[in-house]
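Working through the structure, step by step
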Amino acid sequence: MSRQPYIRPMSKTTWYMRNGRYKVYMLREMTCLLVGFYSFLVIFGLAALSSAERWNAFLASQQNAAMIAFHGFALIYFLIYQTFAWFELAPKAMPLQIGEKKLSDSYIVIAHYIVWAVLSAFIFWLAGVF
Amino acid sequence: MSKRQIELEVMRYDPEKDEAPWFQNYEVPCEEDWAILDAINYVKENIDTTLSYRWSCHMMVCGSCGMMVNGEPSLTCKTFIRDLPDKVRIEPLENFPIERDLVVVLDNVMEKLQTAQPYIIRKDPPPSDDKEYTQSRAALYKFKQYTMCINCMCCYAACPQYGLDQSFIGPAALALAHRYNLDSRDQGKAQRLDILADHDGVWDCSFVGACSEVCPKSVDPAAAIQQMKIEGAKEFWKQKLSGGKS
Ligand code: SF4
Ligand code: SF4
Ligand code: FES
């Protein structure tokens, strides 16, 4: 009897195509590209604050169909999907047990949404939206 | 009871003859209440005695019957014919070398389980007057879920990080370490985290969550790992701030 275990190769570049679960994971992780892009956008915006002229040019650069479509896409994909995905996972990282009972995951998820709403309202208030 | 004809497509590999694995099909007349393991047993007993695979308890206890069922890591004694289509593909657990047919080599994860130091570690001496360590029910419930693991290794078959890099300690072993870290009688957390929050440990996990989705015992190793990341980070700063080694 000779042992000759067979090793099935796993592709380093296309492994995430193996099943639907990995694809969803990749969609979640790819939001990092948008985060990166937004960071640049904010840096450009901040730099443009140096003069009224540059600031207006920066604003103008955002006011075309392509940029508006991009912002819309980013809002849905990044903000809504990403937030939803991570809030769903939050109870796993920080479970709460009160006495002998584990607090239901949904309370922790809801608490996250409430904090999110309050912080967003605060930022809108800072920005003078209301 | 009426029978249902199922076509099993089974991966075969004979290390003495085959260059690579291949598929063999078997027509199996299944009873409606059969698990997929029953269908495989039927093949072994009535069609092809050369088929090799592992099983023992047929009741989700021994953890030896894990296989890929239509691409999903599954306990075959817990996966029922009634939930499957007429054609079912059976493969050995992914991410493991194939020993023969559906039997995989588990040596690598057996070592991983040891790195978790899965036993109670005490710094203080035990109670002197022959008393046992007492533990409240609330304290037990903190980690009970992580004691349910039966080492079926379905989680390793689901984990892409383990598939890409076999030095990653992986879901079940990390969940096992977490079980002891959470145990109120244990004092070995810092010692375990030194190893498990280092190379190949918790930070290799990118929280795909696949391990928890396939776990037949609802152990939720992904949760254990995320909690250990937080603990690991706390321990790191504790050691930094107290001037100890980092
Ligand atoms: S954690 Fe779940 S899937 Fe992993 S070995 Fe244990 S019982 Fe099996
Ligand atoms: S959550 Fe971590 S351990 Fe579990 S499958 Fe994903 S990468 Fe692997
Ligand atoms: S045969 Fe024991 S767990 Fe399936």
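Residues numbered from 1 in each chain as written. Chains lettered and ligands numbered in written order. Predicted model: local features only at pLDDT ≥ 70, side-chain atom pairs only at ≥ 80, totals over all residues. Heavy atoms only, no water.

Now for the overall build of chain A. Along its length, chain A carries five helices and two strands. The N-to-C order of helical and strand elements in chain A reads α-α-α-α-β-β-α. A globule of 130 residues ought to have a C-alpha radius of gyration of about 14 Å, yet chain A, at 22 Å, is considerably larger. Its C-alpha atoms put chain A at 80 × 45 × 25 Å along the principal axes. Looking at chain A residue by residue over its 130 residues, the buried ones come to 21%. Summing over all exposed atoms, chain A offers an accessible surface of approximately 9300 Å²; the carbon and sulfur share of this is 75%. Averaging the locations of the 11 positively and 5 negatively charged side chains of chain A gives two centres separated by 16 Å. (Helix = DSSP H or I, 4+ residues; strand = E, 2+ residues; numbered from the N terminus. Rg over C-alpha atoms; globule rule 2.2 N^0.38 Å. Buried < 20%, exposed > 50% of the residue type's maximum accessible area, 1.4 Å probe, protein only. Areas by Shrake-Rupley, 256 points an atom, 1.4 Å probe, with all protein chains shown as cover. Lys, Arg positive; Asp, Glu negative; His and termini not counted. Charge placed at Lys NZ, Arg CZ, Asp CG, Glu CD.)

Let us look at the site of ligand 1. Around ligand 1 there are 13 residues in total, and C149, C152, M153, C155 and C215 of chain B lie nearest to it. For the shell around ligand 1, the class distribution of residues is eleven nonpolar, one polar and one charged. (Near = heavy atom within 4 Å. Nonpolar A, V, L, I, M, F, W, Y, C, P; charged D, E, K, R; others polar.)

Counting across every chain of the model gives 16 aromatic pairs over all chains. An angle of 85 degrees between the planes, with centres 5.3 Å apart, marks the rings of F236 of chain B and W237 of chain B as edge-to-face. Linked through ring pairs, W15, Y16, Y22 and Y25 of chain A together constitute an aromatic cluster. Geometry around F80 of chain B places R82 of chain B over its ring, the cationic atom sitting 4.5 Å from the centre. (Phe/Tyr/Trp six-rings, centres within 6.5 Å; stacked < 30°, edge-to-face > 60°. Lys NZ or Arg CZ within 6 Å of the ring centre and 35° of its normal.)

Right, let's talk about the interface of chain A and chain B for a bit. Across the contact, 25 residues belong to chain A and 42 residues belong to chain B. Interface area for chain A against chain B, summed over the two sides, is near 2900 Å², with a carbon-plus-sulfur share of 51%. Of all residues in chain A, Y6, R8 and R21 of chain A give up the largest surface area on contact with chain B, accounting jointly for 26% of the area buried on that side. Counting the contacts that link chain A with chain B gives six salt bridges. For K92 of chain A, the salt bridge identified is with D220 of chain B, shortest N-O distance 2.7 Å. Between chain A and chain B we count 19 residue pairs in polar contact (both at pLDDT 80 or more) in total. At the level of elements, helix 1 (20-29) and helix 4 (65-93) of chain A are the ones that each hand at least two residues to the side of chain A that touches chain B. (Contact = heavy atoms within 4.5 Å. Buried area = accessible area lost by both parts, 1.4 Å probe. Salt bridge = Lys/Arg side-chain N within 4 Å of Asp/Glu carboxyl O. Polar contact = N/O pair within 3.5 Å; in protein donor to acceptor, adjacent residues only side chain to side chain.)

This next bit is on the side chain of H178 of chain B. Residue position: H178 of chain B is located in helix 6 (residues 171-181). Other than its neighbours up to four places away in sequence, H178 of chain B contacts Y146, A224, Q227 and M228 of chain B.

This next bit is on the domain arrangement of chain B. Residue and element names in this part refer to chain B. With domains assigned, chain B is organised as domain 1 (3-104) and domain 2 (107-241). One C-alpha centre belongs to domain 1, the other to domain 2; they are set 30 Å apart. Both sides together, the interface formed by domain 1 and domain 2 hides about 1100 Å², and carbon and sulfur atoms give 61% of it. For the domain 1 face of the interface with domain 2, the top three residues by lost area are P73, N95 and F96, together amounting to 46%. (Domains from an automatic or database assignment.)

This next bit is on the side chain of K229 of chain B. Residue and element names in this part refer to chain B. Its location among the elements puts K229 in helix 9 (residues 221-241). Of the side chains with opposite charge, D204 lies nearest to the buried K229, which makes no salt bridge, at 9.1 Å. Among the polar contacts listed, one links the side chain of K229 to the backbone oxygen of C205, at a separation of 2.9 Å. Of the polar contacts made by the side chain of K229, one reaches the side chain of Q226; its length is 3.0 Å. Apart from residues lying up to four places away in sequence, K229 is in contact with V202, W203 and C205.

Residues and elements named next belong to chain B. On the basis of which strands lie adjacent, the open sheet formed by five strands has the order 2-1-5-3-4 and mixed pairing. The open sheet is flanked by strand 2 (22-31) and strand 4 (72-75), the only strands paired with a single partner. Strand-to-strand, the axes of this sheet are offset by a mean angle of 35 degrees, without reference to chain direction. With ten bridges connecting them, strand 1 (residues 3-12) and strand 2 associate as antiparallel partners. Paired with R4 across the bridge in strand 2 is C30. (Pairing = 2+ DSSP bridges. Axes fitted to C-alpha atoms, helices over the stretch in contact; angles between N-to-C directions.)

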